[in-house]
Amino acid sequence: MSQDTVRLIPSDEGSWRLDAYLRRGGYEAARKAVTSMAPAGIIAEVRKAGLRGRGGAGFPAGLKWSFVPQGVSGPKYLCVNADEGEPGTFKDRAILVRDPHRLLEGMVIAAFAVGIHTAIVYVRGEYERIAGRLREAMAEAEGAGFLGPDIFGSGFGLEVVIHFGAGAYICGEETALLESVEGRRGTPRLKPPFPAVAGLFRAPTVINNVETLANVPSIIGRGADWFTAQGLPKDCGTRLFSVSGAVRRPGLYELPTGIPLRTLIEDHAGGPPEGVSVKAVIPGGLSAPVLRADELEAHLDFESMALVCSMAGSAGVIVIGDRTPMLEVLGVMSRFYAHESCGQCTPCRIGTSWIHRTVTRIAAGQGRRGDLDLILSLADGIKGRTLCPMGDAAALPIQALVTKFRDELEQAVER
Amino acid sequence: MSYAPSAAVLERIDRAVAAYPERSAALLPVLRLIQEESGWVPPAAEVWAADKLGLNPVRVREVLSFYTMFRRRPAGRTVVQVCRNLSCTLAGAEEVIAALRRELGLGDGADTTADGAVTLVAVECLGNCDHAPCLQIDGVDRGPVTRDSAAAIVRELRGR
Ligand SMILES: Cc1cc2nc3c(=O)[nH]c(=O)nc-3n(C[C@H](O)[C@H](O)[C@H](O)COP(=O)(O)O)c2cc1C
Ligand code: SF4
Ligand code: FES
């Protein structure tokens, strides 16, 4: 990738340390923002850059920041979503490991723009070791006056707290995350009110993904026009694609939004191993409806993925080879959603576990005619009938898998 | 049976409580710290935590039972979390899990070895799918693991 693209994953020696980050021009954007820009001007620049959320839903970050009411007294919070629970996704891990200062710099800029003085980084419990780097970075940044009570001598202060999850996928959903920070079970809240108005401890709250915030320093440092020159007009910049499964070079690839799925899989990840061909691809984390091998020309951006009835989601690309039975994939998927449903809504709680029981029975050789239709109708009963988006996130990929690989699954049922 | 954390843990607990505007918000970090020291969260510690944070013990149990990383039973000295989500399954996770269970001598339904050395838990995606199939040993990532390296890992754990 050329010098002129966003580089979220640096490769220099000791890249996570402050001195290395400063050599890469670190904290210049935060200095510019905090000492010379008006908060509204920062929000305008991020809106102009068209930065869309990297956590899954793709909501424009600047627009989200602008929803926070201004001029009201009392605390406001920034919650950084480092829960990274979407199966097939390992990008936020890489930012935490290789470039934690970039995240902190993005947080300082976002907090200054919205008028926030407390940030909470919600890190999944499984990343506790990894978060050691973030903790060190926080101490370094504070020592240098880039974080803490008086940033760049401007009088603006930001305090950062790390809050660990404890093994619950649903806590990645933003309102469940808030519940979890408040010391409760991770059960999503009914919206409205939206977190921007009443979030953490009922105060206005901005929730952003790690990668979203890590993009902010270069937008402010180099300007929105530089950022929009990469990727697509309505979905700009680069994304960190996590590629795993049946490829020769599984790993993380930072590429402009909108690249064809085939380019990512074949040119970057090396294509399937010798003697294997691609049967299916899950393009945006496990919750993204599966694509068949004949759909690989589709492009990886929010709109193109919606056109093929899937989603760009978390950009976790899982490649399934021709030797993998789709029933096995369905088994993993249905178990995951049944296990991770928080249980608040009956359609999600009962539907996912009923689907999983049915799939398990088929896998045990006890399939009955009509089982696939049963699964489809159970998924239909979840869709659009739940409190949080997890209902759809379970129903849609299951329906896509059953519909697109019906013949193969039918054989497994009849066996 | 009563519970009291060590002075060092109590100090960390007090710092955690001070980090939040509402005391009850410190429940997750408090439970984490208790488990870090004791290896699990005994019932007496639940009552202690409730008292510390001004909560009804039921509120503590409710949270404790929701999050899968909290343990309400003693665990082995080493805890192994092995991933069984899709990328790891595609790379042979089920065989690795079976090999680990066999090498550890875990019978049906058991998750901790008879000598209390190792607890094995199958978990969902560890966010390390490019190293599939993968696992974590006391929070440290390992992968890719093969059937053969699973046997070597078990020998290593037995030696701890
Ligand atoms: C079930 C579920 C799980 C989610 N998990 C995550 C996650 O692990 N990380 C994340 O950043 N967003 C996750 N999200 C999306 C968040 O709700 C939210 O949209 C996101 O954190 C907002 O940040 P962004 O706008 O910067 O992407 C999840 C959503 C749902 C419905
Ligand atoms: S849809 Fe599922 S995960 Fe979401 S609130 Fe309802 S039961 Fe919980
Ligand atoms: S599927 Fe095993 S680490 Fe992601």
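What counts as what
- Residues numbered from 1 in each chain as written.
- Chains lettered and ligands numbered in written order.
- Predicted model: local features only at pLDDT ≥ 70, side-chain atom pairs only at ≥ 80, totals over all residues.
- Heavy atoms only, no water.
- Contact = heavy atoms within 4.5 Å.
- Buried area = accessible area lost by both parts, 1.4 Å probe.
- Salt bridge = Lys/Arg side-chain N within 4 Å of Asp/Glu carboxyl O.
- Polar contact = N/O pair within 3.5 Å; in protein donor to acceptor, adjacent residues only side chain to side chain.
- Domains from an automatic or database assignment.
- Helix = DSSP H or I, 4+ residues; strand = E, 2+ residues; numbered from the N terminus.
- Buried < 20%, exposed > 50% of the residue type's maximum accessible area, 1.4 Å probe, protein only.
- Pairing = 2+ DSSP bridges.
- Axes fitted to C-alpha atoms, helices over the stretch in contact; angles between N-to-C directions.

With that settled, consider the interface of chain B and chain A. The interface of chain B with chain A comprises 40 residues on the first partner and 51 residues on the second. Interface area for chain B against chain A, summed over the two sides, is near 3600 Å², with a carbon-plus-sulfur share of 57%. Considering only the side of chain B, the residues that lose the most area to chain A are Arg32(B), Phe66(B) and Leu86(B), jointly responsible for 17% of the buried surface there. Here chain B is connected to chain A by four salt bridges. Arg202(A) is the salt-bridge partner of Glu22(B), the closest N and O atoms lying 2.7 Å from each other. Joining chain B to chain A, the criterion identifies 21 residue pairs in polar contact (both at pLDDT 80 or more).

We now examine the domain arrangement of chain A. It is common to give the size of an interface as the accessible area that goes away when the parts come together. All names here are of chain A. Assigned domains of chain A: these are domain 1 (18–229), domain 2 (235–321) and domain 3 (326–414). Centre-to-centre, using C-alpha coordinates, domain 2 lies 23 Å away from domain 3. Facing the 12 residues of domain 2 at the interface are 13 residues of domain 3. Across the domain 2/domain 3 interface, buried area totals approximately 1000 Å², and carbon plus sulfur atoms make up 72% of it.

With that out of the way, let us pick up the pattern of salt bridges. Oppositely charged side chains can pair when the atoms bearing their charge come close. Inspection of the entire model under this criterion finds 34 salt bridges over all chains. Across the pair Asp12(A) and Arg24(A) runs a salt bridge, and its minimum N-O distance is 3.1 Å. Of this pair, Asp12(A) sits in the segment before helix H1 (18–23) while Arg24(A) sits in the loop between H1 and helix H2 (28–36), placing them 12 residues apart in sequence. Residue Arg24(A) is classed as partly exposed on the basis of its relative accessible area of 31%. Measuring nitrogen to oxygen at the nearest pair gives 2.7 Å for the salt bridge that ties Glu128(A) to Arg32(B). Of this pair, Glu128(A) sits in the loop between strand S2 (118–123) and helix H7 (131–143) while Arg32(B) sits in helix H2 (residues 27–38), placing the two residues on different chains. Using a relative accessible area of 16% as the deciding quantity, one classes Arg32(B) as buried. Connected via shared salt-bridge partners are Asp12(A), Arg24(A), Asp99(A) and Arg102(A).

What follows is about the sheet that holds strand S4 (residues 140–142) of chain B. Across a sheet, strands are paired by hydrogen bonds formed along the backbone, either parallel or antiparallel in direction. All names here are of chain B. Taken together, four strands build an open sheet; the order of strands is S2-S1-S3-S4 and the sheet is mixed. The sheet is open, and its two borders are formed by strand S2 (118–123) and S4, each paired with just one other strand. For this sheet the average axis-to-axis angle between neighbouring strands, irrespective of direction, equals 25 degrees. In this structure, strand S3 (residues 135–137) lies alongside S4, joined through three bridges in antiparallel fashion. Across the sheet, residue Ile137 finds its bridge partner in S4, namely Val140.

So, about unusual backbone geometry. Residue Pro192(A) follows Lys191(A) across a cis peptide bond; omega there is -10 degrees. Tracing the backbone shows Pro192(A) in the loop between helix H8 (174–181) and strand S4 (205–209). Cis geometry is found at the peptide bond from Gly143(B) to Pro144(B), where omega equals -5 degrees. Following the sequence through the fold, Pro144(B) ends up in the loop between S4 and helix H7 (147–158). Residue Glu84(A) is not a glycine yet carries a positive backbone phi of 30 degrees. Inspection of the secondary structure assignment puts Glu84(A) in the loop between strand S1 (77–82) and helix H5 (91–98). Residue class for Glu84(A) comes out buried when judged on its relative accessible area of 7%. Unusually for a residue other than glycine, Cys309(A) sits at a positive phi of about 60 degrees. Positionally, Cys309(A) belongs in the loop between helix H13 (302–307) and strand S11 (316–321). Residue Cys309(A) is classed as exposed on the basis of its relative accessible area of 63%.

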